[in-house]
Amino acid sequence: YQRRVRGVILGSAWGPHIRRWNDPTDLTPANLGQFFMALNPDVFGGAGFLERLQQFLDQHRALSPVSGEEAVLAAGDVERVAEQDCLKHGSIPYHTSILTN
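Computed from a predicted model, the values in this text were never measured in an experiment.

Colleague: Please set out helix H4 (residues 77-89) residue by residue, giving values where relevant.
Modeller: Count 3.6 residues to each turn of an α-helix, and residues three or four apart come out pointing the same way. An ideal rise of 1.5 Å per residue puts 18 Å on 13 residues; H4 measures up with 19 Å between its terminal C-alpha atoms. Looking one or two residues beyond H4, the residue adopting positive phi is Gly 90, at roughly 75 degrees.

Colleague: Could you give an account of a nonpolar patch on the surface, with specific residues and numbers?
Modeller: Taken together, the side chains of Ile 9, Leu 10, Phe 35, Met 37, Leu 39, Val 43 and Phe 44 present a nonpolar region at the surface, about 770 Å² in accessible area. Sorting the residues of the nonpolar patch by element identifies helix H1 (2-10) and helix H2 (41-45) as the ones contributing at least two each. For Leu 39, the position within the fold is in the loop between H1 and H2.

Colleague: Could you give an account of unusual backbone geometry, with specific residues and numbers?
Modeller: Positioned with a positive phi, Asn 31 is a non-glycine residue whose angle comes to about 50 degrees. With respect to the helices, strands and loops of the structure, Asn 31 is situated in the loop between H1 and H2.

Colleague: Which residues make up the pattern of salt bridges, and what values go with them?
Modeller: Scanning all chains against the criterion turns up two salt bridges. The residue Asp 77 makes a salt bridge to Arg 61 at a minimum N-O spacing of 2.6 Å. Linking Asp 77 in helix H4 with Arg 61 in helix H3 (residues 49-61), this pair joins segments that are 16 residues apart in sequence. Assessed through its relative accessible area of 28%, Arg 61 is described here as partly exposed. Put simply, Arg 80 and Asp 77 hold a salt bridge, and the shortest N to O gap is 3.0 Å. Of the two residues, Arg 80 and Asp 77 are both situated in helix H4; the distance of three residues between them amounts to about one turn of the helix. The network of salt bridges with common partners includes Arg 61, Asp 77 and Arg 80.

What counts and what doesn't
- Residues numbered from 1 in each chain as written.
- Predicted model: local features only at pLDDT ≥ 70, side-chain atom pairs only at ≥ 80, totals over all residues.
- Heavy atoms only, no water.
- Helix = DSSP H or I, 4+ residues; strand = E, 2+ residues; numbered from the N terminus.
- Expected span 1.5 Å × (residues − 1).
- Patch = residues over 30% accessible without salt bridge, like charges linked within 9 Å, V, L, I, M, F, W, Y side chains within 5 Å.
- Areas by Shrake-Rupley, 256 points an atom, 1.4 Å probe, with all protein chains shown as cover.
- Salt bridge = Lys/Arg side-chain N within 4 Å of Asp/Glu carboxyl O.
- Buried < 20%, exposed > 50% of the residue type's maximum accessible area, 1.4 Å probe, protein only.

So, to be careful, I would describe these as geometric facts and stop short of saying anything about function.
In structure tokens form, the structure reads like this:
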């Protein structure tokens with residue numbers, strides 16, 4: 001729903017008007033729009049939002065992972081680990097094939 005409304009609001013492609021990514025013969029411009037909305041959670045849920053969010057994330061991360069995975073992750077977890085890796089190395093680590101080509 002959000003993607004369709006975004007296209008309508010921004011005047012970009014939406015729903016069936018978005019080109020297919022797996023068709024190399026379709027040279028139609030993507031015409032995708034970006035839409036960001038900031039909400040003040042205090043307006044909707046009152047005080048205690050950060051505590052409720054932390055409880056939600058703690059419960060989410062405490063779930064049993066699916067077979068073959070080590071943990072259940074929340075949005076931003078992978079990026080936080082990558083950021084710590086960059087800080088530890090003092091730079092962004094690149095694979096050697098990127099640096100030699």
